[in-house]
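In case you want the letters, here they are:
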Amino acid sequence: MIKINIEDEAEYSRLRNEYLKRISKYVRFNKEDIVPEEVSEKSKDGISKKENKDNKSPKRDLTKETANDLKIKYTNLYNYLFDKGSDEVNKEKLRCLLAGPEEMPRSFGGCGEKQTMLECLDEIIAACSMPKDAEEKIKARECCQKIFNYDKFVSEQDEAYWLLRNLHVRVCPYCNQIYTVTLPSPEELREGEIFKTTRATFDHFYSQSEYPYLAVSLFNLIPSCGVCNSNKSNKKEKIIYPYDQEFGKDAVFRVIPVIKQEIVEKEGNILNFLCGQSDSFYIKFMGKEDIYLSSDLRVEERLSGIEDAELRERIIASIGGFKLEEIYKEHKQEIRDILRNRYYFDENYVKTVICPMLREKMGENKKDSDEVDRMAMDMLFFSNIRVEEWGQRPLSKLVSDILEQLSELS
C-alpha cells in the first residue's frame, strides 16, 4: 500500500555496502567475493586483510564449495553466478542478487541502468528458474538453504534488527495499520543483559520455497506485520512491491454513505456521518477522481480508471490478498474521529487560528506557509499527511485520503 522510501543515492550505497558486509557470514561464498574491496578494508572484528593472510590455519574456499554443489544440484543458478568455463564467481551478479545493483534504480530516485528494483529481481528469476522435476527441485532448494542461510540470519537477531532499523519503516507497508518498530535497541540494554529483540517479521516478496536463492536478498525482504505476512503466505498473485510501488493517489480511501430508507428514517440525513455523528458509512478504495455511491461495485470496477494496467492489477491483488477493505471497515471509530475533527476544525479555522498560533510559538524558527499548514494538520489528526511520511504512523494514508475527500466536498 505504501512505499519504503530510501532517501537518496548516498543512503542507498551505505545500506547496500553495509548489508553486504553483514550478510557475508550467512552466505556460503568467500567474503572477498561478497564485499567490495573498498568496503572491506577492515573486517568486522578489526583484523585487516593482510593479517588474515598471515593466519596459518587453512582457509576454506567457500566459493569453490558452492560452485561444486551448484554444478550438480542447481545448474541454472551455477550458470548465472559463475563465469562459463571456470569456477570464478561473477562478483557483480552475486552482489546484485544479495543487495541490488550498484547503481540506485530510477524508481528509487536514482540514475541507474535499471528502471526498477523489481526489474532487477525478475531478471535474476528468469535466469535462475528452478528445475521442473520434483526431486531435482528439492535438491536445488536444499542446496540453496545451505548457501543462503536465512534461518541463521533471523535467529541471531542482531543483523535482522539492524536491517529493520536502517530501512526506517515504522508501519507495515502492506496495510499501513500496524507498527513494525523494533525493540529494544542495544543501547537500551542493562549491563549483563543478552540482546533479545521484539521486531517485525520479514515477508519474502518472492517466497523461499519457489525462489530459495533470494532467501537473504535485501530487496526481497519486506518488513511487515504478522497479519499481512500470514495473509500473503506463498500466494502467487502479483501484488504491490513496496520498494518500487505504492497505492499513492491512484487508489484512495473513500467514505460513502449507507443509502437505505431505514437510515433516513432513523437519522433524518444520510450525510450526518460527515460530521462524525453517525457510523452509517462504508469505506472503500476508489480511483482518485471517482466517487461511487453503490457499495456493491466490485473493486475491479472502482479502480478501472487506473491507466497503468500492471499497477492496477497489483493494487487489486493487494486489496484482496491482504483483505484491506475488510480490515479498514473495522476502523470506523477512527474514521468518525477524523470526520468529526475535520468538521469542527475546518480549513478556515486551521489557517486563521492554529497556523498563526504555531508561527507565534516558533518565533524566529518560522517555517514557510505550506510547512506550517502541514504541521497544523499533523497535530490535529495525530498523523503524517505527506505521502513520503505515510510509513511513520499507522493509518496515515487513510487520514490523508479522507481529508482530501472532505476538502474536495467543501
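Conventions and cut-offs
- Residues numbered from 1 in each chain as written.
- Predicted model: local features only at pLDDT ≥ 70, side-chain atom pairs only at ≥ 80, totals over all residues.
- Heavy atoms only, no water.
- Helix = DSSP H or I, 4+ residues; strand = E, 2+ residues; numbered from the N terminus.
- Buried < 20%, exposed > 50% of the residue type's maximum accessible area, 1.4 Å probe, protein only.
- Contact = heavy atoms within 4.5 Å.
- Salt bridge = Lys/Arg side-chain N within 4 Å of Asp/Glu carboxyl O.
- Expected span 1.5 Å × (residues − 1).
- Pairing = 2+ DSSP bridges.
- Phe/Tyr/Trp six-rings, centres within 6.5 Å; stacked < 30°, edge-to-face > 60°.
- Lys NZ or Arg CZ within 6 Å of the ring centre and 35° of its normal.
- Core = buried A, V, L, I, M, F, W, Y, C linked by side-chain atoms within 4.5 Å.
- Axes fitted to C-alpha atoms, helices over the stretch in contact; angles between N-to-C directions.
- Parallel < 35°, antiparallel > 145°, perpendicular 65-115°, else oblique.
- Left-handed = near helix turned anticlockwise from the far one by under 90°.
- Polar contact = N/O pair within 3.5 Å; in protein donor to acceptor, adjacent residues only side chain to side chain.
- pLDDT = per-residue confidence, 0-100.
- Nonpolar A, V, L, I, M, F, W, Y, C, P; charged D, E, K, R; others polar.

## Here we look at the overall build of the chain
Phase 1 of the analysis: The secondary structure content of the chain amounts to 19 helices and 4 strands.
Phase 2 of the analysis: Within the chain, buried positions represent 49% of all 410 residues.
Phase 3 of the analysis: Of the contacts formed within the chain by residues at least 6 apart in sequence, a portion of 66% connects residues at least 24 apart.

## Details of the pattern of salt bridges
Phase 1 of the analysis: A complete count under the given rule lists 20 salt bridges for this structure.
Phase 2 of the analysis: Measuring nitrogen to oxygen at the nearest pair gives 3.7 Å for the salt bridge that ties Lys 249 to Glu 404. Remark: Glu 404 occurs in helix α19 (residues 396-409) and Lys 249 occurs in the loop between α11 (226-232) and β3 (251-257); sequence separation between them is 155 residues.
Phase 3 of the analysis: A relative accessible area of 23% places Glu 404 in the partly exposed class.
Phase 4 of the analysis: Each of the salt bridges in this network shares a partner with another, and the network as a whole consists of Glu 18, Lys 21, Arg 22, Lys 25 and Glu 159.

## Observations regarding unusual backbone geometry
Phase 1 of the analysis: A positive phi angle, near 55°, is found at His 168, a position not held by glycine.
Phase 2 of the analysis: In this fold, His 168 is placed in the loop between α10 (158-166) and β1 (201-204).
Phase 3 of the analysis: Classification of His 168 by relative accessible area gives partly exposed; the value is 48%.
Phase 4 of the analysis: Despite not being glycine, Asn 176 shows a phi value in the positive range, around 55°.
Phase 5 of the analysis: Here Asn 176 shows up in the loop between α10 and β1.

## Notes on α19
Phase 1 of the analysis: Taking 1.5 Å per residue as the helical rise, α19 with its 14 residues ought to reach 20 Å, and the 20 Å between its terminal C-alpha atoms agrees with that figure.
Phase 2 of the analysis: Counted residue by residue, α19 has 10 buried out of 14 residues, so it is predominantly covered.
Phase 3 of the analysis: All buried positions along α19 are accounted for by Ser 396, Lys 397, Leu 398, Val 399, Ser 400, Asp 401, Ile 402, Leu 403, Gln 405 and Leu 406.
Phase 4 of the analysis: Buried-residue contacts for α19 involve β3, β4 (281-287), α15 (324-328), α16 (332-344) and α18 (369-381).

## Quick word on the pairing of β3
Phase 1 of the analysis: Of all 7 residues that make up β3, 7 are buried, and the element is covered over most of its length.
Phase 2 of the analysis: Burial of β3 is two-sided: the residues Ala 251, Phe 253, Val 255 and Pro 257 facing one way and the residues Val 252, Arg 254 and Ile 256 facing the other way are all buried.
Phase 3 of the analysis: Of the pairings in the sheet, the one linking β3 to β4 comprises 7 bridges and is antiparallel in character. Following the sheet pairing, Val 255 is matched in β4 by Ile 283.

## So, the packing of aromatic side chains
Phase 1 of the analysis: Considering all chains together, one arrives at 23 aromatic pairs under this definition.
Phase 2 of the analysis: Seen from their ring centres, Tyr 241 and Tyr 243 are 5.7 Å apart, and the 55° between their planes marks the pair as tilted.
Phase 3 of the analysis: Owing to a relative accessible area of 0%, Tyr 243 belongs among the buried residues under this scheme.
Phase 4 of the analysis: With a centroid separation of 5.3 Å and an interplanar angle of 55°, the aromatic rings of Phe 345 and Tyr 349 are classed as tilted.
Phase 5 of the analysis: Using a relative accessible area of 29% as the deciding quantity, one classes Phe 345 as partly exposed.
Phase 6 of the analysis: Positioned over the ring face of Phe 205 is Lys 232, at 5.6 Å from the centre of the ring.
Phase 7 of the analysis: One residue, Lys 332, lies across the ring of Phe 281, its end atom 5.0 Å from the ring centre.

## Describing the nonpolar core
Phase 1 of the analysis: Within the largest apolar cluster, 115 residues are counted, with the highest numbers of intra-cluster contacts made by Phe 148, Phe 153 and Tyr 213.
Phase 2 of the analysis: It is helix α7 (residues 117-127) that contributes the most residues to this core, 6 residues altogether.
Phase 3 of the analysis: Contacts of Phe 148, omitting those with residues within four sequence positions, involve Tyr 26, Val 27, Phe 29, Leu 77, Leu 97, Leu 98, Pro 212, Tyr 213, Ala 215 and Val 216.

## What about the packing of α16 against α18?
Phase 1 of the analysis: Their axes nearest at 10 Å, the elements α16 and α18 cross at an angle of 130°. When the axes of α16 and α18 are compared, the pair comes out oblique. For the crossing formed where α16 meets α18, the hand is right-handed. Here α16 contributes Ile 338, Asn 341 and Arg 342 to the contact with α18, which in turn contributes Met 377, Leu 380 and Phe 381.

## Notes on the environment of Leu 395
Phase 1 of the analysis: Note on placement: Leu 395 falls in the loop between α18 and α19.
Phase 2 of the analysis: If we ignore the near neighbours within four places in the chain, the residues touching Leu 395 are Asn 176, Gln 177, Tyr 328, His 331, Glu 334 and Ser 383.

## Quick notes on the side chain of Lys 397
Phase 1 of the analysis: Within the element layout of this structure, Lys 397 appears in helix α19.
Phase 2 of the analysis: With relative accessibility at 0%, the residue Lys 397 sits in the buried group.
Phase 3 of the analysis: Reaching out from Lys 397, the side chain makes a polar contact with the backbone oxygen of Gly 248 at a distance of 2.7 Å.
Phase 4 of the analysis: Within polar-contact distance, the side chain of Lys 397 engages the backbone oxygen of Ala 251 at 3.0 Å.

## Observations regarding the confidence of the model for the chain
Phase 1 of the analysis: The share of residues in the chain with pLDDT of 70 or more is 90%, and the mean pLDDT across the chain is 86.
Phase 2 of the analysis: When the criterion is pLDDT under 50, residues 44-52 qualifies, and its contacts beyond four places in sequence or with other chains add up to 11 contacts.

## Brief notes about the packing of helix α17 (residues 347-362) against α18
Phase 1 of the analysis: Their axes nearest at 10 Å, the elements α17 and α18 cross at an angle of 105°. Judged by the inter-axis angle, α17 sits roughly perpendicular to α18. Touching Val 350, Lys 351, Ile 354, Cys 355, Leu 358, Arg 359 and Met 362 of α17 are Ser 369, Val 372, Asp 373, Met 375, Ala 376, Met 377, Met 379 and Leu 380, all from α18.
Phase 2 of the analysis: Class assignment of the residues belonging to the contact of α17 with α18 gives a composition of 11 nonpolar, 1 polar and 3 charged.

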